[in-house]
Amino acid sequence: MSDDASQGEQLVKILQKITDSHEQWKEKWGPNLRITVGKGNPLRDFGIEKIHDIEVEASWDTSILHEDGTETKIEGGRYTVTPIPSEELEEDWWTS
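Owing to the predicted nature of the structure, the values given are computational and were not obtained by experimental measurement.

> Quick rundown of the overall build of the protein chain? Include the residues and the values.
The number of helices and strands found in the protein chain is 3 helices and 6 strands. Reading the protein chain from its N end, one meets helices and strands in the order α-β-α-β-β-β-β-β-α. Residue burial in the protein chain is summarised as follows: out of 96 residues, 30% are buried. Considering only contacts in the protein chain between residues 6 or more positions apart, those separated by 24 or more positions represent 53%. Total accessible area on the protein chain stands at roughly 6500 Å², and carbon and sulfur atoms take up 47% of it.

> Go over the packing of aromatic side chains, please, and point to the residues and values.
A full pass over the atoms with the stated rule returns 1 aromatic pair. Ring centres of W25 and Y79 lie 6.3 Å apart, and the angle between their planes is 70°; this geometry places the pair in the edge-to-face category. Pair noted here: W25 is in helix α1 (residues 3–29) and Y79 is in strand β6 (residues 79–83), with a separation of 54 residues, a long-range link. For the pair W25 and Y79, one class covers both residues: buried. Taking the ring centre of W60 as reference, the NZ or CZ of R44 above it sits at 3.9 Å.

> I'd love a proper account of the sheet that holds β6, names of residues and values included.
Strand order in this open sheet of 4 strands is β2-β3-β1-β6, and the pairing throughout is mixed. Of all strands in the sheet, those bounded by a partner on one side alone are β2 (50–51) and β6. The sheet contact formed by strand β1 (residues 33–37) and β6 spans 5 bridges and is antiparallel. Of the residues in β6, the one forming a bridge with R34 is T82.

> Give a description of the nonpolar core that names residues and reports values.
In terms of nonpolar packing, the biggest core is built from 13 residues, with I18, W25, I35, V37, L43, Y79 and V81 touching the most fellow members. Only α1, β1, β3 (54–58) and β6 provide two or more residues apiece to this core. In terms of residue count, the dominant contributor to this core is α1 (4 residues). Ignoring sequence-local partners within four residues, the contact set of I18 consists of W25, I35, L43, I51, H52 and Y79.

> Tell me about the pattern of salt bridges, and name the residues and values.
Evaluated as defined, the whole model comprises 4 salt bridges. The partner of R34 in a salt bridge is E57, with the nearest N and O atoms 3.9 Å apart. Taken together, the positions of R34 in strand β1 and E57 in strand β3 put the pair 23 residues apart, joining distant regions of the chain. Relative accessible area serves as the criterion here: at 8%, R34 is assigned to the buried category. The residue R44 makes a salt bridge to D45 at a minimum N-O spacing of 2.7 Å. Of the residues examined, D45 reaches a relative accessible area of 34% and is grouped as partly exposed. Linked by salt bridges that have partners in common, R34, E55, E57 and E88 make up one network.

What counts and what doesn't
Residues numbered from 1 in each chain as written. Predicted model: local features only at pLDDT ≥ 70, side-chain atom pairs only at ≥ 80, totals over all residues. Heavy atoms only, no water. Helix = DSSP H or I, 4+ residues; strand = E, 2+ residues; numbered from the N terminus. Buried < 20%, exposed > 50% of the residue type's maximum accessible area, 1.4 Å probe, protein only. Contact = heavy atoms within 4.5 Å. Areas by Shrake-Rupley, 256 points an atom, 1.4 Å probe, with all protein chains shown as cover. Phe/Tyr/Trp six-rings, centres within 6.5 Å; stacked < 30°, edge-to-face > 60°. Lys NZ or Arg CZ within 6 Å of the ring centre and 35° of its normal. Pairing = 2+ DSSP bridges. Core = buried A, V, L, I, M, F, W, Y, C linked by side-chain atoms within 4.5 Å. Salt bridge = Lys/Arg side-chain N within 4 Å of Asp/Glu carboxyl O.

Worth remembering: the numbers are spatial, not functional.
Structure, rendered in C-alpha coordinates:
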(Lines give C-alpha, C1' and ligand atoms only; values in the text may rest on other atoms or scores of the structure.)
Protein backbone atom coordinates (compact mmCIF):
# COMPACT_ATOMS: atom_id res chain seq x y z
CA MET A 1 0.00 0.00 0.00
CA SER A 2 1.36 3.46 -0.87
CA ASP A 3 1.83 6.24 1.67
CA ASP A 4 -0.97 8.24 0.01
CA ALA A 5 -3.40 5.32 0.40
CA SER A 6 -2.52 4.74 4.05
CA GLN A 7 -2.71 8.48 4.76
CA GLY A 8 -6.06 8.58 2.96
CA GLU A 9 -7.36 5.76 5.17
CA GLN A 10 -6.08 7.53 8.26
CA LEU A 11 -7.80 10.74 7.11
CA VAL A 12 -11.12 8.91 6.76
CA LYS A 13 -10.78 7.50 10.31
CA ILE A 14 -9.97 10.94 11.76
CA LEU A 15 -12.87 12.59 9.91
CA GLN A 16 -15.22 9.86 11.19
CA LYS A 17 -14.07 10.38 14.80
CA ILE A 18 -14.57 14.14 14.49
CA THR A 19 -17.99 13.66 12.88
CA ASP A 20 -19.02 11.28 15.68
CA SER A 21 -17.78 13.60 18.46
CA HIS A 22 -18.14 17.23 17.34
CA GLU A 23 -21.59 17.76 18.88
CA GLN A 24 -20.38 16.48 22.27
CA TRP A 25 -17.34 18.79 22.09
CA LYS A 26 -19.54 21.78 21.29
CA GLU A 27 -21.89 20.92 24.19
CA LYS A 28 -18.92 20.71 26.54
CA TRP A 29 -16.87 23.71 25.37
CA GLY A 30 -19.16 25.87 23.21
CA PRO A 31 -19.23 26.46 19.46
CA ASN A 32 -15.80 28.03 18.98
CA LEU A 33 -13.37 25.14 18.87
CA ARG A 34 -9.96 24.41 17.41
CA ILE A 35 -8.47 21.07 16.43
CA THR A 36 -4.68 21.20 16.57
CA VAL A 37 -2.81 18.67 14.43
CA GLY A 38 0.88 17.98 14.12
CA LYS A 39 3.46 16.42 11.87
CA GLY A 40 2.24 13.47 9.84
CA ASN A 41 -1.45 14.18 10.48
CA PRO A 42 -3.38 14.02 7.20
CA LEU A 43 -5.61 16.93 8.24
CA ARG A 44 -2.48 19.06 8.15
CA ASP A 45 -0.85 17.34 5.20
CA PHE A 46 -3.98 17.70 3.02
CA GLY A 47 -4.43 21.33 4.09
CA ILE A 48 -7.86 20.95 5.72
CA GLU A 49 -8.74 24.20 7.53
CA LYS A 50 -12.25 23.59 8.90
CA ILE A 51 -14.46 20.58 9.76
CA HIS A 52 -18.01 20.92 11.17
CA ASP A 53 -17.28 24.63 11.78
CA ILE A 54 -14.24 23.70 13.88
CA GLU A 55 -11.02 25.46 12.93
CA VAL A 56 -8.08 23.17 12.14
CA GLU A 57 -4.74 24.59 13.23
CA ALA A 58 -1.65 23.01 11.69
CA SER A 59 1.48 22.72 13.80
CA TRP A 60 4.89 21.38 12.82
CA ASP A 61 5.38 20.11 16.36
CA THR A 62 4.57 16.56 17.49
CA SER A 63 3.06 17.62 20.82
CA ILE A 64 1.57 20.55 22.72
CA LEU A 65 2.86 21.61 26.13
CA HIS A 66 0.12 22.88 28.45
CA GLU A 67 0.44 25.52 31.17
CA ASP A 68 0.02 22.84 33.86
CA GLY A 69 3.10 21.00 32.56
CA THR A 70 1.23 18.18 30.81
CA GLU A 71 1.82 17.29 27.19
CA THR A 72 -0.57 16.15 24.45
CA LYS A 73 0.79 14.20 21.47
CA ILE A 74 -0.54 15.51 18.14
CA GLU A 75 1.58 13.64 15.61
CA GLY A 76 0.31 11.10 13.08
CA GLY A 77 -3.39 10.46 13.59
CA ARG A 78 -3.48 12.22 16.96
CA TYR A 79 -4.94 15.67 17.54
CA THR A 80 -6.29 17.80 20.37
CA VAL A 81 -9.53 19.78 20.57
CA THR A 82 -9.62 23.01 22.57
CA PRO A 83 -11.94 26.02 22.92
CA ILE A 84 -10.68 29.12 21.12
CA PRO A 85 -9.86 31.76 23.79
CA SER A 86 -12.30 34.68 23.82
CA GLU A 87 -9.51 37.21 23.22
CA GLU A 88 -8.83 35.54 19.87
CA LEU A 89 -12.52 35.61 18.95
CA GLU A 90 -12.63 39.38 19.27
CA GLU A 91 -9.98 39.74 16.58
CA ASP A 92 -11.11 38.98 13.05
CA TRP A 93 -7.65 38.46 11.56
CA TRP A 94 -7.94 34.65 11.45
CA THR A 95 -11.48 34.40 10.17
CA SER A 96 -12.60 34.80 6.61
